[in-house]
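What follows is the residue order along each chain.
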Amino acid sequence: MKLKLGMIGGGQGAFIGAVHRIAARIDDEYELVCGAFSSDPEKAKASGVLLGLPANRVYTSYKELIEKEKQLPEDERVQVISIVTPNHVHFEPTKLALENGFHVILDKPMTFSLAEAKELEKIVKASGKRFCLTHTYTGYPMVKEAKQLVKAGKLGKIRKIYVEYPQGWLSTFLEGDNQKQASWRTDPGKSGIAGAMGDIGTHAFNLAEYVSGLQVTKICADINIVVEGRKLDDDGAALLKFNNGASGVLMASQIAAGDENNVKVRVYGETGGLEWQQDVANTLLVKWLDKPAEIYRTGGGYVSSFSSHNTRVPAGHPEGYLEAFANLYRNFALCVKADIEGKTPEPEWLDYPGIEDGVRGMAFVENVIASGKSDTKWTDFII
């Protein structure tokens, strides 16, 4: 059984929409049956044609999609709606979809503001429907392996966490040339109060909390606008305090000229540390206090069930960003199908980012920007 998938946003010229559609297809768990791909009616229709959808299942607004799909017989209507719009068009379609009985997969960051995120949390819980937030990097097998090693106490009590996300693509005033991705990501009216910290800083923050199993309680941030004329931060760093007493450092920059997307996390405990980076995503380096370091590889027979469940090909074959993205889609689909069949989802299936991650991500955005503006600097992490 394939789940019937609909998409809001992600039409012609949209980068992330195509990524979501590829991820949904990799495991054959979904069939794209409808969409409202653009706020421009002509572009929405043209996008639907390119994707091979029937004209009566291509809509010109998310409200029309939800209203008309709800009227279809249960065996025809969409079941899961993927929302891949800019940040300022996250809350309303997600709210409407959940309230009308549809499961939702939403691109990050979750909402335009923390207030919206907290309201959405109430809506998700009241709806009884499943919700997934696409923090892609948690889908990598070796990131999951890192989390399981920490959770099993292999490193002892965690003491230090470093996480970084350097990009260089906004090293110039790209939005001045009306480049689509740059234009909305640097626009406070569409992106929210943060630029780099909202776009990629939220990924770094999520990765630090996911792998360590800890939560940030205090933050001290330095936020910068480096490129002249830019309205939102394009560079920043933050010192972190976690709820077990550990300290951390987070860096997110979109003016790191020459860097692409090499997000990296390091976690150190009493007896060892671990290190993972996207450029060599099949490798997890595990370092010990009193013995030689070990190299864990995706697909190895020694890895945890959480890692092996999210591995598709034999060891030695590289798996990357699209596969990690697809792991979120597949795990979500397996849980939705289990619900339909009245079964209990396996723990490995439930390992995808959800509403709590989204609320904490938006809290990070607001706290890191507030700390960056504050003379006090060290501030409590407030939700």
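Residues numbered from 1 in each chain as written. Predicted model: local features only at pLDDT ≥ 70, side-chain atom pairs only at ≥ 80, totals over all residues. Heavy atoms only, no water.

Q: Give a description of the environment of valine 365 that names residues and reports values.
A: Mapped onto the elements of the fold, valine 365 is located in helix α12 (residues 355–373). With 166 residues separating them along the chain, valine 365 and aspartate 199 place their C-alpha atoms 9.5 Å apart. Valine 365 has contacts with Ile193, Ala194, Met197, Gly198 and Thr202, leaving out every residue within four places of it along the chain. (Helix = DSSP H or I, 4+ residues; strand = E, 2+ residues; numbered from the N terminus. Contact = heavy atoms within 4.5 Å.)

Q: Help me get a handle on the packing of helix α9 (residues 196–212) against α12, residues and values and all.
A: A pair of packed helices is characterised by two quantities: the angle between their axes and the separation of those axes. Packing of α9 against α12 leaves a shortest axis separation of 9 Å and a crossing angle of 120°. Judged on the interaxial angle alone, α12 and α9 are oblique. Crossing geometry of α9 relative to α12 is assigned as right-handed. Taking contact as the criterion, the partners of Met197, Gly198, Gly201, Thr202, Phe205, Asn206 and Glu209 in α9 are, on α12, Asp357, Arg360, Gly361, Phe364, Val365 and Val368. Its residues assigned to classes, the contact of α9 with α12 comprises five nonpolar, five polar and three charged. (Axes fitted to C-alpha atoms, helices over the stretch in contact; angles between N-to-C directions. Parallel < 35°, antiparallel > 145°, perpendicular 65-115°, else oblique. Left-handed = near helix turned anticlockwise from the far one by under 90°. Nonpolar A, V, L, I, M, F, W, Y, C, P; charged D, E, K, R; others polar.)

Q: Explain the side chain of aspartate 234 to me, and be specific about the residues and the numbers.
A: Mapping aspartate 234 onto the fold places it in the loop between β7 (216–224) and β8 (235–242). Residue class for aspartate 234 comes out buried when judged on its relative accessible area of 0%. A polar contact is formed between the side chain of aspartate 234 and the side chain of arginine 230, at a distance of 3.0 Å. Those residues in contact with aspartate 234 that lie beyond four places of it in its chain are Ala196, Asn224, Ile225, Val226, Val227, Ser253, Gln254 and Ile255. (Buried < 20%, exposed > 50% of the residue type's maximum accessible area, 1.4 Å probe, protein only. Polar contact = N/O pair within 3.5 Å; in protein donor to acceptor, adjacent residues only side chain to side chain.)

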